[in-house]
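The lines below spell out each chain.
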Amino acid sequence: MYDYLLAHLSLYIDDCHMSDQVSTKKRPEIIAPAGNLEKLKFAVLYGADAVYFGGEQHNLRIRSDNFSRDDIAEAVRFCRERGARTVFLMNSFLHEKDIQPARAYLSEIRDFRFDAVMVSDPGMMLLIREAGIESDIHLSTQMSTLNHLAVKFWRDAGVARIVLAREATADEIRAIKEQTGAAVEVFVHGALCIAYSGRCLLSRYLAGRDANRGDCAQACRWRYSLVEEKRPGEPLEIIEHGPCTEILSSKDLCLVGRLDEYIAAGVDALKIEGRMKSIYYTANTVRIYRHAASLAGTAEFANHLPFYREELDLVSHRPYTDDLFNEFGGNGFAPIPTVKKALFLGYKAGTAPGGGSLVKTFNPVYRGETLDAIFPITDGKRDCSFTVKEIFDDEDRGIDMARPYSFCRVIFDREPDDYAIFRRRL
Ligand code: SF4
């Protein structure tokens with residue numbers, strides 16, 4: 001049932017690629033995270049111009065549900081049919097022992113015609129070309145590219161696009177563009193990392209999981225306590241806020257309010273972080289940044305900014321920053337709780353046999369409750385609410401509550417569009 005539905009996500013939402021409304025400037029590409037095939041489809045349906053995803057090896061999120069060969073084939077087909085670009089991740093760093101497995105894996109995937117392959121390690125570039133893969137090469141942010149000389153170096157080496165270090169400021173990006181004209185991509189939204197461009201040994205040291213090989217345990221977000229040398233066994237918990245301690249953990253990036261500055265600097269692509277995050281996160285951040293990038297620099301943008309901010313506040317996140325690297329100075333990393341103001345409940349997968357909506361749930365849904373629903377933004381904002389009148393399980397028995405991770409038939413007070421995403425405000 002699930003595979004069938006996933007395949008039929010290819011049924012299209014009318015007009016789901018939003019019109020690029022007022023601005024006549026070249027709009028940068030919105031490049032979205034795709035932690036699995038389902039998220040990839042929602043990213044495209046909600047407006048991504050490009051998606052990035054990894055296979056079962058050699059990418060920097062080995063714990064996300066990475067793509068099998070069949071998934072990759074379906075992802076490429078789905079994106080190509082909708083004009084979305086595919087960026088395949090081969091961005092782990094190679095030890096000597098990794099070279100032969102990487103070679104073997106590249107020969108397995110060389111026939112998929114990705115628009116680009118993302119690398120960190122220059123050795124991987126050589127292996128990609130050796131395998132006869134002609135896709136563009138994109139350089140990962142993990143190479144910490146911060147200046148125009150480094151950009152020139154990589155461009156001369158054959159890199160088509162450089163994802164700049166997250167530490168690069170808008171002024172630095174402008175200078176790089178002016179002096180090189182090279183295609184650059186920057187992160188505009190999502191988790192940051194306290195380590196420089198993600199180069200960190202904390203996770204490897206404490207958990208044996210290497211962040212530079214796609215296995216970060218996010219050790220910087222664990223609970224820590226302080227032990228005074230002469231008082232062993234008397235740990236002092238470092239309490240900065242109720243639920244946990246995150247003395248090393250950073251705020252999350254949110255550049256929506258500064259998009260015009262970044263676009264004016266000449267950025268070619270705006271990247272959203274979060275392959276491990278939910279479909280709801282992916283869809284909502286994509287649609288907001290797509291719309292915001294279309295209007296950046298126009299008067300309309302300011303009118304929409306409160307809506308953008310409210311929606312981005314409704315995905316789980318740590319407190320946002322638009323300038324983390326200038327928040328240092330002793331007080332930039334004060335209490336950092338997670339902000340969660342809405343719960344992702346599920347999405348409408350199509351019309352149910354027997355009438356009503358076929359809903360895939362991710363959290364419980366109750367009969368009688370009123371849900372928020374979001375959609376791709378086709379013409380300004382048109383999100384609305386729906387009331388759950390009846391729920392039927394997979395044997396068509398009436399129930400009061402739909403279990404998480406199930407498919408059920410739901411009768412709403414009126415019929416939502418396919419691929420509506422439902423949430424409950426908390
Ligand atoms: S442990 Fe924290 S600081 Fe280190 S790589 Fe992972 S997220 Fe970044």
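Right above here is the structure, for reference.
Throughout, a residue's number is its position along its own chain's written sequence, starting from 1. Local features are withheld for residues below a pLDDT of 70 in this predicted model, meaning they are given only at 70 or higher, and side-chain atom pairs are given and counted only at 80 or more; totals for whole chains, interfaces and linings count all residues. Hydrogen atoms and water are omitted, and side-chain values are computed over all heavy atoms in the structure.

Engineer: Looking at this structure, how should I read the packing of aromatic side chains?
Structural biologist: Centre distance and the angle of the planes are the two values used to describe a pair of aromatic rings. In this analysis, rings of Phe, Tyr and Trp, with Trp reduced to its six-membered ring, are considered paired at centre separations within 6.5 Å, and the interplanar angle assigns stacked below 30 degrees, edge-to-face beyond 60, and tilted for intermediate values. Overall, the coordinates contain 19 aromatic pairs when judged by the stated rule. Ring centres of Y280 and F344 lie 6.0 Å apart, and the angle between their planes is 15°; on these two criteria the pair is classed as stacked. With a gap of 64 residues between them, Y280 in helix α10 (residues 279-295) and F344 in strand β13 (residues 342-351) connect regions that are remote in the sequence. Both residues of the pair, Y280 and F344, count as buried. Members of the aromatic cluster, joined through ring pairs, are F42, Y46, Y280, F344, Y347, F362, Y405 and Y419. The lysine or arginine in question, R82, covers the ring of F78, its NZ or CZ lying 3.9 Å from the ring centre. Across from the ring centre of F187, 3.8 Å away, lies the NZ or CZ of R166, which sits over that ring. Numbering goes from the N terminus for both helices and strands, where a helix is a DSSP run of H or I of at least four residues and a strand is a run of E of at least two. Per-residue accessibility, obtained with a 1.4 Å probe over protein chains only, is compared with the maximum for each type, and a residue is labelled buried under 20%, exposed over 50%, and partly exposed between these values. Both a distance and an angle decide whether a charge sits over a ring: NZ of Lys or CZ of Arg must be within 6 Å of the ring centre and within 35 degrees of the ring normal.

Engineer: Please clarify how unusual backbone geometry should be interpreted in this entry.
Structural biologist: Glycine aside, residues mostly have negative phi angles, and peptide bonds mostly take the trans form. In this structure, S144 takes a positive phi of about 55° despite not being glycine. Turning to its location among the elements, S144 is positioned in the loop between β5 (136-139) and α6 (148-156). Take S144: its relative accessible area is 16%, and that puts it in the buried class.

Engineer: Can you walk me through the pairing of strand β20 (residues 407-412) in this structure?
Structural biologist: Successive side chains on a regular strand alternate, one facing one side of the sheet and the next facing the other. Across the six residues of β20, five count as buried, placing the element largely inside the fold. In this sheet, β20 lies alongside strand β14 (residues 357-361) in antiparallel orientation, the contact comprising four bridges. In the sheet register, V359 faces β20, and the bridge partner there is C408. Where strand β17 (residues 384-392) meets β20, four bridges bridge the pair, whose relative direction is antiparallel. Looking across to β20, one finds that F392 is bridged to R409. Two strands qualify as a pair provided that DSSP identifies no fewer than 2 bridges between them.

Engineer: Hey, could you run me through helix α2 (residues 37-45) in this one?
Structural biologist: In an α-helix, one turn spans 3.6 residues, which is why side chains three or four residues apart end up on the same side. Buried residues dominate α2, accounting for nine of its nine residues. Among all positions of α2, only L37, E38, K39, L40, K41, F42, A43, V44 and L45 are buried. Nitrogen and oxygen atoms within 3.5 Å of one another constitute a polar contact, given that in protein one can donate a hydrogen and the other can accept it, and given that sequence-neighbouring residues count only through two side-chain atoms. Between a side-chain oxygen at the N-terminus of α2 and the backbone nitrogen of E38 the separation is 3.1 Å; the capping residue is N36.

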